[in-house]
Amino acid sequence: MDRNAMYRRIPKVDILLADDDIQCLIEEYSREVVMDAVRTQTDALRRFIGRSEDEKSVQERIDRLKCDIRRTVEQMYRPNMRRVINATGTVLHTNLGRAPLNPRHMQRAAELISGYSNLEYHLESGVRGERYAHFEKLLCKITGAEAAMAVNNNASSVLLILNALAHGGEVIVSRGELVEIGGKFRIPDVMKQSNAILREVGTTNKTHPEDYEEAVTEETKAILKVHTSNYRIVGFTESVGIEQLVSIAEKNGLPVIQDLGSGVLINLEKYGLRHEPTVQESVKKGADLVCFSGDKLLGGPQAGIIVGKKKYIDMLKRNQLTRALRIDKFTAAVLELVLQEYLSEENAVRNIPVLRMITKPYAEVAEDAKCMLKQLEHKKNLADITLQPCESQIGGGSLPLLGIASMAVAIRPKEISAGELERRLRHLPVPVIARIVNDHVLLDMRTVGKDEMGQIAEQFAEHRVFEVSDNR
Ligand SMILES: *Cc1c(COP(=O)(O)O)cnc(C)c1O
């Protein structure tokens, strides 16, 4: 092969830039970006010619140079973070962004954020305001608390509360509640970080009121109760309820802090789920501070919400850590909209995606599954596609062990393995995340929206997901 002749066949940069297709690209993406891609691709082509012995394959690469340039430009602008379809049935999937938000809320928040706002400005008096003001009254109305605020996430809430109330002193916690949440958040470690000293009482399975009473000393600053949200201790067990802790604390002039984790604001029993302690219950029983996540069962944006007695909330607001852990304007905007839905339980269940999914009746999920099955039926020659009852999880460390009856479309490909199908679904333009059970790929319809069903069907029709010849 005559390499010099091949090098000469590479179009000159000015010729390339004058080309109609490349001109289109420039108009769409800017000259700077296209020039960069032209250089990258022509350099790569030169290197290829330098090591290739095969004239035909070199000519092929020269012929597709313009395509390669377009691909390079498009790749630069393809976001790495993308929308995916969650067909795992795990509603609060930590790896998939936990709580999805209502597009209507997002749209309204986007309008607000794209301009200036009264984030920390009191419109009536024209003086500086608080970013919590936009949702503090709502939180108080919904939970019955005196005051409220929010920080970056619930891990921050715990850190801030311990630092503000117990810095340099002791905090009493039951051994059975020394939890580790996903992402290495451990109560003993947060305690250390906040400069509070952990005073463990009781045993792993049993803690009695006297264990707390006997542990109170001059050094005690607070009693902490942590909801064991991601595990259960069953069998011979006993723990001390929040009312009893409040009465012990009152006798000793101490505050009771409750880390609830999930932040449930409605009674889930009404929807056939197990009772999960609500924020309202904790407030009513006298907890001085209650903290919980914004993006677990509450179904809102990532945040750590803290409600309770005004005296303590004021202490938190004055703490230096608050400045470092404060929520951003986007979160403040969305949080207000999500909390407004809770003014009516009916609205909350209808308009908050997390609540809608976990309360979706089995019959409705089964109906969706049937509809999905019908849309995939034309692939019957390539896979066994059936309906299969399954169990959805709440996830996100909420209500562990609780499976919600659900229905899946179960797919067993004939030519390829279930593992290969699962991988291909992840590589679709809109990735579909599914799980494998007994050699079947399951699409749990509880977490798949109506419009997403259409997207799944379209992608199955357009892409060769089942064929053995597909070697993407
Ligand atoms: C989830 C959880 C946290 C951490 O909340 P994030 O919002 O994820 O930071 C803390 N405490 C408990 C009990 C939890 O369940």
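Since the model is a prediction, treat every value here as computed from it, not as a measurement.

**Q** Explain the overall build of the chain here, please?
**A** Each helix and strand counted, the chain has 21 helices and 18 strands in total. Across its three principal directions, the C-alpha atoms of the chain cover 95 × 55 × 45 Å. Residues counted as buried form 51% of the 472 residues belonging to the chain. Excluding contacts between residues fewer than 6 apart, the proportion of contacts in the chain whose partners are at least 24 apart in sequence is 74%. Within the structure as shown, the chain displays about 23400 Å² of accessible surface, and the carbon and sulfur contribution to it stands at 49%. When the 65 basic and 66 acidic side-chain charges of the chain are each reduced to a single mean position, those positions are 2 Å apart.

**Q** Hey, could you run me through the sheet that holds strand S12 (residues 289-293) in this one?
**A** The strands making up a sheet are joined through hydrogen bonds of the backbone, oriented either antiparallel or parallel. Pairing is mixed in the open sheet, where seven strands are placed in the order S5-S13-S12-S11-S10-S6-S9. For this open sheet the edge positions go to strand S5 (147-151) and strand S9 (197-201), each flanked by a neighbour on one side alone. Strand-to-strand, the axes of this sheet are offset by a mean angle of 25°, without reference to chain direction. Note: S5 against strand S13 (residues 304-308), five bridges, orientation antiparallel. Among the inter-strand pairings, Val151 is bridged to a residue of S13, identified as Gly304. Of the strands in this sheet, S5, S12 and S13 touch helix H14 (residues 310-318), which is tilted by about 30° from S5.

**Q** Would you mind showing me how to read helix H20 (residues 418-426) here?
**A** Note: α-helices contain 3.6 residues per turn, so residues at a spacing of three or four share the same orientation. All of the buried residues in H20 are Ala418, Leu421, Glu422, Arg424 and Leu425. Buried positions in H20, seen along its axis, are confined to an arc of 165° and lie on one side of it.

**Q** Explain the site of the ligand to me, please; I cannot follow it from the model alone.
**A** Neighbouring the ligand are 13 residues, the closest being Arg98, Ser229, Asp259, Ser293 and Lys296. With respect to the ligand, the backbone of Ala155 contributes an N or O atom lying 2.8 Å from an oxygen atom. Expressed as a share of its isolated accessible area of 390 Å², the protein-covered part of the ligand is 94%. Looking at the shell around the ligand, its residues break down into four nonpolar, six polar and three charged.

**Q** Mind showing me how you'd approach helix H3 (residues 20-29) here?
**A** Taken as a whole, H3 has its buried residues at Ile22, Leu25, Ile26 and Tyr29. Along H3, the residues classed as buried sweep out an arc of 100° about the axis, all on the same side. Residues of H3 that are exposed and angled more than 90 degrees away from the buried face: Asp20, Glu27 and Glu28. Turning to H3, the residues buried within the fold contact helix H2 (13-18), helix H4 (31-51) and helix H6 (65-77).

**Q** Please explain the layout of surface pockets as it appears in this structure.
**A** It is a probe the size of a water molecule, rolled over the atoms, that shows where empty space is left. The space that makes up the second largest pocket amounts to roughly 590 Å³. Surrounding the second largest pocket, 28 residues form its lining, Glu177, Lys225, His227, Thr228 and Ser239 being those nearest its centre. Of all the secondary-structure elements, those providing two or more residues to the lining of the second largest pocket are strand S10 (220-226), helix H12 (242-251) and helix H13 (279-284). In the lining of the second largest pocket, the residues fall into five nonpolar, 14 polar and nine charged.

**Q** Where do I start with the side chain of Asn86 in this structure?
**A** Within the fold, Asn86 resides in strand S1 (residues 85-86). Classification of Asn86 as buried rests on a relative accessible area of 12%. Within polar-contact distance, the side chain of Asn86 engages the backbone oxygen of Thr90 at 2.9 Å. If sequence neighbours within four positions are ignored, Asn86 has contacts with Val91, His93, Leu96, Ile433, Thr447 and Val448.

**Q** Sorry if this is basic, but what is going on with unusual backbone geometry here?
**A** Working note: non-glycine residues mostly have negative phi, and peptide bonds are mostly trans. Unusually for a residue other than glycine, Arg98 sits at a positive phi of about 55°. Secondary-structure assignment places Arg98 in the loop between strand S2 (90-92) and helix H7 (103-113). Within the chain, Asn438 stands out as a residue other than glycine whose phi angle is a positive 50°. Structurally, Asn438 can be placed in the loop between strand S17 (435-437) and strand S18 (440-444).

**Q** Whenever I open this one, the packing of aromatic side chains confuses me. Can you help?
**A** By convention here, two paired aromatic rings are described through the distance between centres and the angle between planes. A full pass over the atoms with the stated rule returns three aromatic pairs. On the numbers, 5.2 Å between centres and 35° between planes, the contact of Tyr29 with Tyr77 is tilted. Placement of the pair is Tyr29 in helix H3 and Tyr77 in helix H6, with a sequence separation of 48 residues. One Lys or Arg, Arg61, reaches over the ring of Phe48 and ends 4.7 Å from the middle of that ring.

**Q** Mind showing me how you'd approach the pattern of salt bridges here?
**A** Any two side chains of opposite charge can pair if their charged atoms end up close together. Within the structure shown, the criterion is met by 31 salt bridges. Across the salt bridge formed by Arg98 and Asp295, the nearest N and O atoms sit 2.9 Å from each other. Placement of Arg98 in the loop between S2 and H7 and of Asp295 in the loop between S12 and S13 is noted, with a sequence separation of 197 residues between them. For Asp295, a relative accessible area of 8% corresponds to the buried category. Salt-bridge contacts for Glu130 lead to Lys317; the nearest nitrogen and oxygen are separated by 3.1 Å. Taken together, the residues Glu130 in the loop between strand S4 (127-128) and helix H8 (133-143) and Lys317 in helix H14 connect sequence positions 187 residues apart. When its relative accessible area of 34% is taken as the criterion, Glu130 is described as partly exposed. The structure contains a network of salt bridges with shared partners spanning Glu120, Arg128, Arg131 and Arg326.

**Q** How do you make sense of the side chain of Glu467 when you look at a structure like this?
**A** Here Glu467 shows up in the segment after helix H21 (450-462). Here Glu467 is buried and forms no salt bridge, its nearest opposite-charge partner Arg464 lying at an N-O distance of 4.3 Å. What Glu467 contacts, discounting residues up to four positions off in sequence, is Leu382, Glu415, Ile416 and Arg424.

Rules used throughout
- Residues numbered from 1 in each chain as written.
- Predicted model: local features only at pLDDT ≥ 70, side-chain atom pairs only at ≥ 80, totals over all residues.
- Heavy atoms only, no water.
- Helix = DSSP H or I, 4+ residues; strand = E, 2+ residues; numbered from the N terminus.
- Buried < 20%, exposed > 50% of the residue type's maximum accessible area, 1.4 Å probe, protein only.
- Contact = heavy atoms within 4.5 Å.
- Areas by Shrake-Rupley, 256 points an atom, 1.4 Å probe, with all protein chains shown as cover.
- Lys, Arg positive; Asp, Glu negative; His and termini not counted.
- Charge placed at Lys NZ, Arg CZ, Asp CG, Glu CD.
- Pairing = 2+ DSSP bridges.
- Axes fitted to C-alpha atoms, helices over the stretch in contact; angles between N-to-C directions.
- Arc of directions from axis to C-beta.
- Near = heavy atom within 4 Å.
- Polar contact = N/O pair within 3.5 Å; in protein donor to acceptor, adjacent residues only side chain to side chain.
- Nonpolar A, V, L, I, M, F, W, Y, C, P; charged D, E, K, R; others polar.
- 1 Å grid on protein atoms, 1.4 Å probe; cavity = no way out; pocket = protein on both sides within 12 Å on 5 of 7 lines; lining within 4 Å.
- Points joined across faces, edges and corners; volume = space filled by probe spheres on them.
- Phe/Tyr/Trp six-rings, centres within 6.5 Å; stacked < 30°, edge-to-face > 60°.
- Lys NZ or Arg CZ within 6 Å of the ring centre and 35° of its normal.
- Salt bridge = Lys/Arg side-chain N within 4 Å of Asp/Glu carboxyl O.

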